[in-house]
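Chain residues, written in single-letter form:
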Amino acid sequence: MKRILVGIKRVVDYNVRVRVKPDGSGVMLDGVKMSINPFDEIALEEALRIKERGDAEEVVVVTMGPPDCQQQLRTALAMGADRALHIESTEPIEPLTGARLLLKIVEREQPFLVILGKQSIDGDNSQTGQMLAQLWNRPQATFASKVDLTGTAAKVTREVDAGLETLEVDLPAVITTDLRLNEPRYVKLPDIMKAKKKPLDTLKVAELGVELKSRIKVLKTEPPAARQKGHIVKDVSELVAALRQKGLV
């Protein structure tokens, strides 16, 4: 079966103003709206469009994290995914560990394409897709703004500093998605009801034989510095004088 595997992550909704805990040990999550990471939502939308064009037969979505992550998996199923896999863990999962867990799922599901968001909006690491491609020993195309499948290959337009770059990679492959790839669809109430009947399997990390090893220690979390009040100038000469006063020119 031609299968696409999509990885998603549960994050604080991008519309929510993130607040740091008073002791600096992290961000406040109690009562905060959580959603699918926006880049992962784009990855899922692209997988669904590929299936709707007839280039895939099944879309499987996978996430890792605490039991609450099943809410985001149900949203993904409502969008149109066929099955969901939940790797349950209450411990933080770093990019390399996440890539190793995804590799185990890849070996189990045998997809011809793995699509991930280019990064999560909480950690902003942009590492998991690249690490998975290395571990899987398959080609990768990152920061995709356009994806075309041509039989046994994928032609990917990606955004680089100088503009756009087009790559052709043999399948199976790993693709990570950028913002301009597509606009994710809205979930409708009938689709939410149908999603409740779709299969959602839960796996333990121990079942996959991956060790949850922490390599990063967060010492302190701080909010960004408060924005300073702006100053309106009348003309260019006054602007230059103000900059000189601050030692900027």
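Anything mentioned here points back to the structure above.
All figures in this text were calculated on a predicted structure; none of them were measured in a lab. (Residues numbered from 1 in each chain as written. Predicted model: local features only at pLDDT ≥ 70, side-chain atom pairs only at ≥ 80, totals over all residues. Heavy atoms only, no water.)

## Considerations on the pattern of salt bridges
Turning to step 1, where the next piece is worked out: Going through the model one piece at a time under the given rule, you end up with 18 salt bridges.
Turning to step 2, where the next piece is worked out: Among the charged side chains, a network of salt bridges with common partners joins Arg3, Glu58, Arg83, Arg108 and Glu109. (Salt bridge = Lys/Arg side-chain N within 4 Å of Asp/Glu carboxyl O.)

## A closer look at the nonpolar core
The tendency in soluble globular proteins is for nonpolar side chains to be buried as a group.
Turning to step 1, where the next piece is worked out: Formed by 36 residues in total, the largest nonpolar core has its most connected members in Ile4, Val6, Leu44, Leu113, Leu149 and Ile175.
Turning to step 2, where the next piece is worked out: Mapped onto this core, the elements with two or more residues apiece are β1 (3-7), α1 (38-52), β4 (58-65), α2 (70-79), β6 (113-117), β7 (140-150), β8 (153-160) and β10 (173-177).
Turning to step 3, where the next piece is worked out: Of the residues forming this core, the biggest block, six residues, is contributed by α1.
Turning to step 4, where the next piece is worked out: What Leu113 contacts, discounting residues up to four positions off in sequence, is Arg3, Ile4, Leu5, Ile50, Leu149, Leu171, Ala173 and Ile175. (Core = buried A, V, L, I, M, F, W, Y, C linked by side-chain atoms within 4.5 Å. Buried < 20%, exposed > 50% of the residue type's maximum accessible area, 1.4 Å probe, protein only. Helix = DSSP H or I, 4+ residues; strand = E, 2+ residues; numbered from the N terminus. Contact = heavy atoms within 4.5 Å.)

## A short note on the side chain of Glu159
Turning to step 1, where the next piece is worked out: Here Glu159 shows up in strand β8.
Turning to step 2, where the next piece is worked out: At 2.7 Å, the side chain of Glu159 forms a polar contact with the side chain of Arg180.
Turning to step 3, where the next piece is worked out: What Glu159 contacts, discounting residues up to four positions off in sequence, is Phe143, Ser145, Leu164, Asp178 and Arg180. (Polar contact = N/O pair within 3.5 Å; in protein donor to acceptor, adjacent residues only side chain to side chain.)

## Quick look at the packing of aromatic side chains
Turning to step 1, where the next piece is worked out: Counting across every chain of the model gives zero aromatic pairs.
Turning to step 2, where the next piece is worked out: The side chain of Lys2 reaches across the aromatic face of Phe112, ending 5.0 Å from its centre. (Phe/Tyr/Trp six-rings, centres within 6.5 Å; stacked < 30°, edge-to-face > 60°. Lys NZ or Arg CZ within 6 Å of the ring centre and 35° of its normal.)

## Quick look at the environment of Asp55
Turning to step 1, where the next piece is worked out: In this fold, Asp55 is placed in the loop between α1 and β4.
Turning to step 2, where the next piece is worked out: Looking at Asp55, the relative accessible area reads 26%, which means it is partly exposed.
Turning to step 3, where the next piece is worked out: As for Asp55 and Ile4, which are separated by 51 residues in sequence, their C-alpha atoms are 9.9 Å apart.
Turning to step 4, where the next piece is worked out: Discounting chain neighbours no more than four positions away, the residues touching Asp55 are Lys2, Ile50, Phe112 and Leu149.

## Description of a nonpolar patch on the surface
Turning to step 1, where the next piece is worked out: A cluster of nonpolar side chains, Val236, Val240, Leu248 and Val249, forms an exposed patch at the surface whose accessible area comes to about 380 Å².
Turning to step 2, where the next piece is worked out: Of note, Val240 is situated in helix α7 (residues 236-245).
Turning to step 3, where the next piece is worked out: When its relative accessible area of 30% is taken as the criterion, Val240 is described as partly exposed. (Patch = residues over 30% accessible without salt bridge, like charges linked within 9 Å, V, L, I, M, F, W, Y side chains within 5 Å. Areas by Shrake-Rupley, 256 points an atom, 1.4 Å probe, with all protein chains shown as cover.)

## Looking at the environment of Ile4
Turning to step 1, where the next piece is worked out: Residue position: Ile4 is located in strand β1.
Turning to step 2, where the next piece is worked out: Given the relative accessible area of 0%, Ile4 is considered buried.
Turning to step 3, where the next piece is worked out: For the pair Ile4 and Gly65, spaced 61 residues apart in the sequence, the C-alpha separation amounts to 21 Å.
Turning to step 4, where the next piece is worked out: Ignoring any residue separated from it by four or fewer positions in sequence, one finds Ile4 in contact with Ala47, Ile50, Ala56, Glu58, Val59, Val60, Pro111, Phe112, Leu113 and Ile115.

## Topic: helix α4 (residues 128-136)
Turning to step 1, where the next piece is worked out: The complete set of buried residues in α4 reads Gly129, Leu132, Ala133 and Trp136. Viewed along the axis of α4, the buried residues span an arc of 100 degrees, placing them on a single side of the element.
Turning to step 2, where the next piece is worked out: On its buried side, α4 packs onto α3 (95-109), β6, β7 and β10.
Turning to step 3, where the next piece is worked out: Of the residues one or two after α4, Asn137 is the one with positive phi, at around 60 degrees. (Arc of directions from axis to C-beta.)

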